[in-house]
Amino acid sequence: MPWYNENLDYDLEEELNRREISSGKFLDLGTGPATQAVLLAKRGFKVIGSDLSESAVNRAGNVYANQKNVDFIVDDILNSKLKEGEFDYIFDRGCFHVLLPTDRQRYIIKIKQILKENGTLFLKCFNNKEPRQEGPYKFSQKEIRDLFSKYFRIDSIKETVYQGTLDPFPKALFVVMTRL
Ligand SMILES: C[S@@+](CC[C@H](N)C(=O)[O-])C[C@H]1O[C@@H](n2cnc3c(N)ncnc32)[C@H](O)[C@@H]1O
């Protein structure tokens with residue numbers, strides 16, 4: 001898995017430290033191998049790791065059966081069963097950028113619904129400055145602003161990398177935004 005990172009995403013960690021937050025309810029959206037969900041639970045958050053993939057969710061549930069404060073559910077964000085206003089924070093590290101362009105508005109509306117007012121979305125996606133042709137969709141800062149600004153205040157967009165198993169790490173954007 002090219003996105004596999006056994007550590008908490010560096011940019012998220014930096015932002016959590018800067019904000020001095022370690023409690024509240026977090027959704028790790030598109031949790032995959034669940035490393036991020038588990039590390040967030042270890043930092044003190046109550047975490048739900050959701051994924052479209054039943055096998056990923058079953059695996060995460062088995063591997064981390066003894067981990068406190070984290071649960072895993074099968075959920076397609078585009079038809080999400082998650083409750084309105086359920087989360088203080090959402091981390092999306094690699095889900096949004098694999099969605100079809102025609103599904104992006106639906107995703108944004110779902111995220112707006114399940115985040116509390118003033119809740120935060122931490123989004124990591126590929127940057128259109130990444131030269132590799134293959135892989136997920138890539139975004140410029142302007143595209144992100146155009147897509148999300150109707151329902152979110154964009155707090156920061158950082159030019160960064162997507163830490164995983166590829167060498168060099170792909171260029172990425174790390175976006176922090178507040179639900180209006
Ligand atoms: C690039 S992987 C990243 C996994 C994980 N976030 C990490 O950082 O290790 C993207 C994940 O998003 C999930 N995904 C794709 N479309 C989804 C959808 N519509 N709803 C929920 N999860 C989805 C995939 O199954 C996959 O596990």
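A short tour of the structure in this document, coming up. (Residues numbered from 1 in each chain as written. Predicted model: local features only at pLDDT ≥ 70, side-chain atom pairs only at ≥ 80, totals over all residues. Heavy atoms only, no water.)

All right, on to the layout of surface pockets then. By volume, the largest pocket is sized at about 680 Å³. Forming the boundary of the largest pocket are 34 residues, of which W3, G94, C95, H97 and V98 lie nearest the centre. Among the secondary structure elements, those contributing two or more residues to the lining of the largest pocket are β1 (25-29), α2 (35-42), β2 (46-51) and α3 (54-63). Residues of the lining of the largest pocket, tallied by class, amount to 16 nonpolar, 11 polar and seven charged. (1 Å grid on protein atoms, 1.4 Å probe; cavity = no way out; pocket = protein on both sides within 12 Å on 5 of 7 lines; lining within 4 Å. Points joined across faces, edges and corners; volume = space filled by probe spheres on them. Helix = DSSP H or I, 4+ residues; strand = E, 2+ residues; numbered from the N terminus. Nonpolar A, V, L, I, M, F, W, Y, C, P; charged D, E, K, R; others polar.)

Attention now moves to the side chain of R93. By secondary structure assignment, the location of R93 is in strand β4 (residues 87-93). A distance of 3.1 Å separates polar atoms of two side chains, one belonging to R93 and the other to D9. Among the polar contacts listed, one links the side chain of R93 to the backbone oxygen of Q163, at a separation of 2.4 Å. Excluding its chain neighbours within four sequence positions, the residues that come into contact with R93 are W3, N5, D9, L29, Q36, K124, Y162 and Q163. (Polar contact = N/O pair within 3.5 Å; in protein donor to acceptor, adjacent residues only side chain to side chain. Contact = heavy atoms within 4.5 Å.)

Looking at the secondary structure, you find S80 in the loop between β3 (70-74) and β4. Here D75 takes part through its side chain, which lies 2.7 Å from a polar atom of the side chain of S80. With residues near it in sequence (within four places) discarded, S80 still touches D75 and K110.

Attention now goes to the nonpolar core. Grouped together as the largest cluster of nonpolar side chains are 30 residues, with contacts concentrated most on Y107, L121, I144 and F148. Of all elements in the fold, only β1, β4, α4 (104-114), β5 (115-127), α5 (141-148), β7 (152-161) and β8 (171-179) reach the threshold of two or more residues within this core. When sequence neighbours within four positions are dropped, the list of residues in contact with I144 reads F96, L123, C125, F139, I157, L173 and V175. L16, A37, F45 and F91 belong to the second largest nonpolar core, which has 21 residues in total. (Core = buried A, V, L, I, M, F, W, Y, C linked by side-chain atoms within 4.5 Å. Buried < 20%, exposed > 50% of the residue type's maximum accessible area, 1.4 Å probe, protein only.)

On to the site of the ligand. The environment of the ligand is formed by 15 residues, the closest being G30, D51, D76, I77 and R93. The separation between a nitrogen atom of the ligand and a polar side-chain atom of D76 is 2.8 Å. Note that a nitrogen atom of the ligand is positioned 3.1 Å from one of the backbone N or O atoms of I77. Considering the ligand on its own, with 600 Å² of exposed area, one finds that the protein chains cover 89% of that surface. Put simply, the ligand lies in the largest pocket. Of the residues assigned to the shell around the ligand, the class counts are seven nonpolar, four polar and four charged. (Near = heavy atom within 4 Å. Areas by Shrake-Rupley, 256 points an atom, 1.4 Å probe, with all protein chains shown as cover. Sits in = over half its atoms within 2 Å of the grid points.)

Another aspect to go through is α5. Every buried residue belonging to α5 is among I144, L147 and F148, and all of these are buried. Mapping the buried residues of α5 onto a view down its axis gives an arc of 80 degrees, with all of them on the same face. Away from the buried face of α5 by more than 90 degrees, exposed residues K142 and D146 are located. The elements touched by buried residues of α5 are α4, β5, β6 (138-139), β7 and β8. (Arc of directions from axis to C-beta.)

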